Amino acid sequence: MSATFGGRSGRQGKLSQWLRGRRPKEAADGGGREALLLGAAAAGLPLAPAAHPAPGYRCSCDRVGCPTPARHPVSFAWQTQSTTDRAQIERWARHQPQANFITATGMVHDVLDVPLEAGREALERLLGSGVEVGPVAESDDGRMLFFTLTRGTPEDEDEWWPCALDCHPETMDEHPGLRWHCRGSYVLVPPARLPGDDQQVRWVRGPEQALPDPLSLLEALTDACARHAAAGAESAWPLRR
């Protein structure tokens, strides 16, 4: 699976080079948005349309007081709807020009989702150690997303490896540290817009990077999250006295 994902490195590498020469907003607008979505799909990430920001920090969906504005799929059938089909993604992108897109995890890839500062620290450490990191996205709401190979969805449920870190869309608030998006979950795929002034989700390392084994990143990410949590607790201590 990893070889299949990374086999398009030439064409996708050109995409990353092109993006590095453009401002994030430029890359997300018009043809740049569509190119990014198609690049993600070509790399094997299954996509489906998602909500987008509405005026007043609201969500484009009809739900009053939406708890995850602009961060959720528009269809309850998002798992079966998710696809890498180029023609379908082009239709969605052109007919829904404001829509964000999610990528369903647990099919081809999982996502290790960590606080932004912890993610930046871990990324520097991993790259400095020569670890194959894979695609990484950064969100202006304070999170960093590390895309990895999935643990899979075995037919025999007894073979499923449960994990206390598993994160589903409805349990996001229960995982302020490291979140592991696998079967039944999703994340926004760049380019995506969040409520607020010029708040976005963008690629730090593009989808042309080969998906790594999640366990090769886990120790560095958990260590960085622990340091991040400890630093936060220390800074909050004077306020509790």
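What counts and how
- Residue positions are given per chain, counting from 1 as you read along its sequence in written order.
- A pLDDT threshold of at least 70 governs which residues receive local features in this predicted model, and a stricter bar of 80 or more applies before side-chain atom pairs are shown or counted, although totals over entire chains, interfaces and linings include all residues.
- Working from all heavy atoms in the structure, the side-chain values ignore hydrogens and water.
- pLDDT is a residue-level measure of predictor confidence that goes from 0 to 100.
- We call two residues in contact when some of their heavy atoms are within 4.5 Å.
- Only DSSP runs of H or I reaching four residues or more are called helices, and only runs of E reaching two or more are called strands; each is numbered from the N terminus.
- Exposure categories follow from relative accessible area, calculated using a 1.4 Å probe and restricted to protein chains: below 20% of the type maximum is buried, above 50% is exposed, and the middle band is partly exposed.
- Two N or O atoms count as a polar contact when they lie within 3.5 Å, although within protein this holds only if one can serve as hydrogen donor and the other as acceptor, and sequence-adjacent residues are included solely when both atoms are side-chain atoms.
- Classification of ring pairs rests on two measures: the distance between centres of Phe, Tyr or Trp rings, Trp counted by its six-membered ring, which must be within 6.5 Å, and the angle between planes, read as stacked under 30 degrees, edge-to-face over 60 and tilted in between.
- Only lysine NZ and arginine CZ atoms are considered, and such an atom sits over a ring when it is within 6 Å of the ring centre and within 35 degrees of the ring normal.

Caption draft 1: Quick peek at the confidence of the model for the protein chain. On average, the protein chain scores 83 in pLDDT, and the residues at 70 or more come to 78%. Confidence over residues 1-28 falls short of pLDDT 50; this stretch has 40 contacts with residues more than four positions distant or in other chains.

Caption draft 2: The environment of Trp180, seen in detail. Tracing the backbone shows Trp180 in strand S9 (residues 179-181). Classification of Trp180 by relative accessible area gives buried; the value is 0%. Each C-alpha atom of the pair Trp180 and His168 lies 8.4 Å from the other, and the pair is 12 residues apart in sequence. A distance of 3.1 Å separates polar atoms of two side chains, one belonging to Trp180 and the other to Asp110.

Caption draft 3: Summary view of the packing of aromatic side chains. This model, assessed by the stated rule, comprises three aromatic pairs. When the centroid spacing of 4.9 Å and the interplanar angle of 80° are considered together, the rings of Trp78 and Tyr186 count as edge-to-face. Placement of the pair is Trp78 in helix H5 (residues 78-81) and Tyr186 in strand S10 (residues 186-189), with a sequence separation of 108 residues. Residue classification places Trp78 among the buried residues on the basis of a relative accessible area of 11%. Consider the rings of Phe147 and Trp203, whose centres lie 5.2 Å apart with planes at 50°: the pair is tilted. Taken together, the residues span a long stretch of sequence, with Phe147 in strand S7 (residues 143-149) and Trp203 in strand S12 (residues 199-205) at a distance of 56 residues. On the accessibility criterion, Trp203 (14% relative accessible area) is buried. The ring of Trp180 is capped by Arg151, whose NZ or CZ atom sits 4.4 Å from the centre of that ring.

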